[in-house]
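# Fold and contact review
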Amino acid sequence: MLGTIFTMAEDLIKVVGTKEEIYQGLLPQIKALVGEETDTIANLANTCAALKEAFDFFWVGFYLVKNDELVLAPFQGPVACTRIQKGKGVCGKSWELGETISVEDVEQFEGHIACSALSKSEIVVPILQQGIVIGVLDVDSTTISAFDSVDSKYLNDLCIWLSERI
Ligand code: SME
């Protein structure tokens, strides 16, 4: 309609292809979806919904640092544990180290926090502002070794970009 201003995409365009091609098609769409929005909850909510829609991850979501704990933030998937201490589980370890941690088999990761027995592998990417971890992106899969350097690269790019919009 003449004069209508569309401020966000109504649907994601589904990209079919390799994992890398899906990320390459998805990330610009997430950036368009977030646009000029600065609200943390809104931007994290749409980001994890878009990741879930594109990859059908078992669980994808965020934890944010609040009062020296990671606290559950927007996510898609089954209910999850609410608070994680620094150094605990994969999320707490990623927070402590300020590094991405990819776990091929969660049963082999000492201290892994099992929010669901169905989760078999996991990648956690820290979100930093001025060198300080302010949260993490956590993605879980029901298959062993689901995540590789492609996930790490694109999820890190996404978290760097997101860090200025939350
Ligand atoms: N497995 C995570 C806990 C969060 S859930 O997977 C959503 C961990 O070990 O930190």
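Up top you'll find the structure we're talking about.
I will try to describe carefully the structure that is included in this document.

Once that is clear, we can look at the overall build of the protein. Each helix and strand in the protein was counted, giving four helices and six strands. For the protein, the α and β elements follow one another from N to C terminus as α-α-β-β-β-α-β-β-β-α. Compactness check: the protein gives a C-alpha radius of gyration of 16 Å against a globular reference of 15 Å for 166 residues, within 12% of the reference. Counting only C-alpha atoms and orienting by the principal axes, one finds that the protein spans roughly 60 × 35 × 25 Å. Among the 166 residues that make up the protein, the fraction classed as buried is 43%. Within the protein, counting contacts between residues at least 6 apart in sequence, those at least 24 apart form 51% of the total. As displayed, the protein has an accessible area near 8900 Å², and 53% of this comes from carbon and sulfur atoms. The averaged location of the 24 negative side-chain charges in the protein is 4 Å from the averaged location of its 12 positive side-chain charges.

Before going further, it helps to examine the state of the cysteines. As used here, a disulfide is simply a covalent bond connecting the sulfur atoms of two cysteines. Here the structure, examined in full by the defined rule, presents zero disulfides. Here C48 is not disulfide-linked; the sulfur of C159 is the nearest cysteine sulfur, at 11 Å. Assessed through its relative accessible area of 1%, C48 is described here as buried.

A complete count under the given rule lists six aromatic pairs for this structure. Centroid distance Y23 to Y154: 5.2 Å. Interplanar angle 5°. Geometry classified as stacked. With Y23 in helix 1 (residues 19-34) and Y154 in helix 4 (residues 149-162), the pair connects residues that are 131 residues apart, well separated along the chain. Neither Y23 nor Y154 differs from the other in exposure class; each is buried. On the numbers, 4.9 Å between centres and 20° between planes, the contact of F55 with F57 is stacked. The buried category is assigned to F55, whose relative accessible area is 18%. Aromatic ring contacts, followed pair by pair, group Y23, F55, F57, F147 and Y154 into a single cluster.

Turning our eyes to something else, we now look at the nonpolar core. Core analysis: the biggest nonpolar cluster contains 31 residues, and L51 and L137 have the highest contact counts within it. Of all the secondary structure elements, the ones that give two or more residues to this core are helix 1, helix 2 (40-55), strand 1 (59-66), strand 5 (121-129), strand 6 (132-141) and helix 4. Per-element tally for this core: the top contributor is helix 4, with seven residues. Counting 16 residues, the second largest nonpolar core, distinct from the first, contains W59, L70, V124 and V136.

The rules behind these values
- Residues numbered from 1 in each chain as written.
- Predicted model: local features only at pLDDT ≥ 70, side-chain atom pairs only at ≥ 80, totals over all residues.
- Heavy atoms only, no water.
- Helix = DSSP H or I, 4+ residues; strand = E, 2+ residues; numbered from the N terminus.
- Rg over C-alpha atoms; globule rule 2.2 N^0.38 Å.
- Buried < 20%, exposed > 50% of the residue type's maximum accessible area, 1.4 Å probe, protein only.
- Contact = heavy atoms within 4.5 Å.
- Areas by Shrake-Rupley, 256 points an atom, 1.4 Å probe, with all protein chains shown as cover.
- Lys, Arg positive; Asp, Glu negative; His and termini not counted.
- Charge placed at Lys NZ, Arg CZ, Asp CG, Glu CD.
- Disulfide = S-S within 2.5 Å.
- Phe/Tyr/Trp six-rings, centres within 6.5 Å; stacked < 30°, edge-to-face > 60°.
- Core = buried A, V, L, I, M, F, W, Y, C linked by side-chain atoms within 4.5 Å.

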